[in-house]
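Architecture at a glance
Next come the chains, spelled out residue by residue.
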Amino acid sequence: MPGYGFGFGMENLNGKYEVNGKKKEAGGYGASLKEDARYFYGASLGMSGRGEAVAREDNYCEIEPKTVDKYGIPVLRFHYKWSDFEVKQAKHMQETFQEILTNLGATITYGIDSAANDWGLAAPGRIIHEVGTVRMMDDPKKGPLNKYSQAHDCKNLFVSDAGSFVSQADKNPTWTILALSMRTSEYIIDQMKKKEI
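Please read all numbers here as calculations on a predicted model, not as lab measurements. (Residues numbered from 1 in each chain as written. Predicted model: local features only at pLDDT ≥ 70, side-chain atom pairs only at ≥ 80, totals over all residues. Heavy atoms only, no water.)

1. What about the pairing of strand E4 (residues 74-79)?
Filter applied, for reference: Whether two strands pair depends on DSSP finding at least two bridges between them. Helix and strand assignments come from DSSP, with helices taken as H or I runs of at least 4 residues and strands as E runs of at least 2, each series counted from the N terminus.
Across five bridges, the pairing between strand E3 (residues 60-68) and E4 is antiparallel. The residue bridging Ile 63 from the neighbouring strand is Leu 76, located in E4. The antiparallel hairpin formed by E3 and E4 contains five residues in its connecting segment, where Gly 72 sits at a positive phi of about 85°.

Listed below in structure tokens is the structure:
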């Protein structure tokens, strides 16, 4: 085997440099291959955390009065900021990751955040599984949807996605979306049979 055929150019490294004190012939299998991979590439490990964004009344979206998309439809304007809860949650994650890696004997080479950047919190909306914007609330003044994801102000409008979530932790929301959609569907069938909608 003239080269290893994986990684980022190990075939150009093997046979040119001393590995653990001796220059070896290019190529190799088994223990020799493992030795070369460890020498040239080492091992790395990364950790990242996900947590819950707390539902807050001062985090909301509204119709942007002056901006439209390419189809002439008004776009949303978001008002959102992290609370002390999310910042402390991120700090705890960072400290926990550092403790785990240090206890494993790792050398931490990057990714250490601090209070200066909210312990690494990404900007709202830049991470997976963002949900919300049309929350379910019994009070129409607090949220546009009822518990069946039906609009309070338009009885034949239902939202069957993650928009109705009031809060979301770090888990994939798909199963909850499916469960809520099933409940909404059953409610629609019931209301149609009663000729309520």
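2. A closer look at unusual backbone geometry
Peptide bonds are mostly trans, and most non-glycine residues show a negative phi. This is how the line gets drawn: For each residue, the accessible area found with a 1.4 Å probe, counting protein chains only, is set against the maximum for its type, and the residue is called buried under 20%, exposed over 50%, and partly exposed in between.
We note that Trp 119 has phi near 60°; this positive angle belongs to a residue other than glycine. Considering the arrangement of structural elements, one finds Trp 119 in the loop between helix H3 (84-103) and helix H4 (174-193). For Trp 119, a relative accessible area of 17% translates into the label buried. Residues other than glycine seldom take positive phi values, yet Thr 133 does so here, at roughly 100°. As for its position among the elements, Thr 133 is in the loop between H3 and H4. The class of Thr 133 is partly exposed, set by a relative accessible area of 47%.

3. Brief notes about the pattern of salt bridges
Oppositely charged side chains can form a pair if their charged atoms are brought close together. We apply this condition: Salt bridges are identified by distance alone: a Lys or Arg side-chain nitrogen within 4 Å of an Asp or Glu carboxyl oxygen.
Tallied over the full model, the rule gives seven salt bridges. With a closest N to O distance of 3.3 Å, Asp 190 and Lys 194 form a salt bridge. By sharing partners, the salt bridges in this structure join Glu 62, Glu 64 and Arg 77 into a single network.

By themselves, these are just geometric observations and shouldn't be taken as functional.
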